[in-house]
Amino acid sequence: VVPLLNGLKLTARPLRWLRLGLLQAVTLPGAGQPYTLALLGRALFELPNGSNVGVLLAQRQSLERSADRNLVVGVDGALRGRGNLLLTGFAMVSLTGAGARPTAEAAGGPGTGQSGEFADKPAPGVGAELSWRGLLLRPQLRYAYYHPQLRADLGFLRRVGIHEAV
């Protein structure tokens, strides 16, 4: 359980082709964690034929230690071609401060944090998938890369430091 001081969620569709979202929360200290600000922002631009392009910002910042922070920015999109062809992709980069606590430490595990040469250095992640959406056959071609120091404190990454091709 994370003690919450305040939170705000805003969603909007100011134009027919634009969706916006903002989520902000401040947590109280507890379980060894300081006051912390979590901020998420998302914009999605809808294109013709069901295609789209989106941008995302996710920031976790300790309100007590300025070097305890994690910022992730990224873009993603989907391109629907003629027929059943679908191309999706994403690119992101994370910056983690030298004072950031190891992610698993708060959950009681050993964890690993950013320190030394990796503090405040960009760590990228990219991926793309090409698929054919037929009735009986749905082949896919997928590739993803996650830098070993990529860290998304407000997101979910199963593994880092890998190349994945399917």
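Residues numbered from 1 in each chain as written. Predicted model: local features only at pLDDT ≥ 70, side-chain atom pairs only at ≥ 80, totals over all residues. Heavy atoms only, no water.

### Re the pairing of strand 1 (residues 4-15)
Right, on to step 1. Two strands pair when backbone bridges link them, and strand 1 and strand 2 (residues 18-27) are joined in this way by 9 bridges, in the antiparallel orientation. Within strand 2, the position partnered with G7 by the bridge is A25.
Right, on to step 2. Joining the antiparallel neighbours strand 1 and strand 2 is a turn of 2 residues. (Pairing = 2+ DSSP bridges. Helix = DSSP H or I, 4+ residues; strand = E, 2+ residues; numbered from the N terminus.)

### Let's talk about the environment of P34
Right, on to step 1. Position of P34 relative to the elements: it lies in the loop between strand 2 and strand 3 (36-46).
Right, on to step 2. Between the C-alpha atom of P34 and that of E64, which follows or precedes it by 30 residues, the distance is 6.4 Å.
Right, on to step 3. Excluding its chain neighbours within four sequence positions, the residues that come into contact with P34 are T27, L28, P29, S62, E64, R65 and D68. (Contact = heavy atoms within 4.5 Å.)

### A look at the environment of L86
Right, on to step 1. Tracing the backbone through its elements, the reader meets L86 in strand 6 (residues 85-96).
Right, on to step 2. For the pair L86 and R133, spaced 47 residues apart in the sequence, the C-alpha separation amounts to 7.5 Å.
Right, on to step 3. Not counting residues within four places of it along the chain, the set of residues in contact with L86 comprises A78, L79, R80, E129, L130, S131 and R133.

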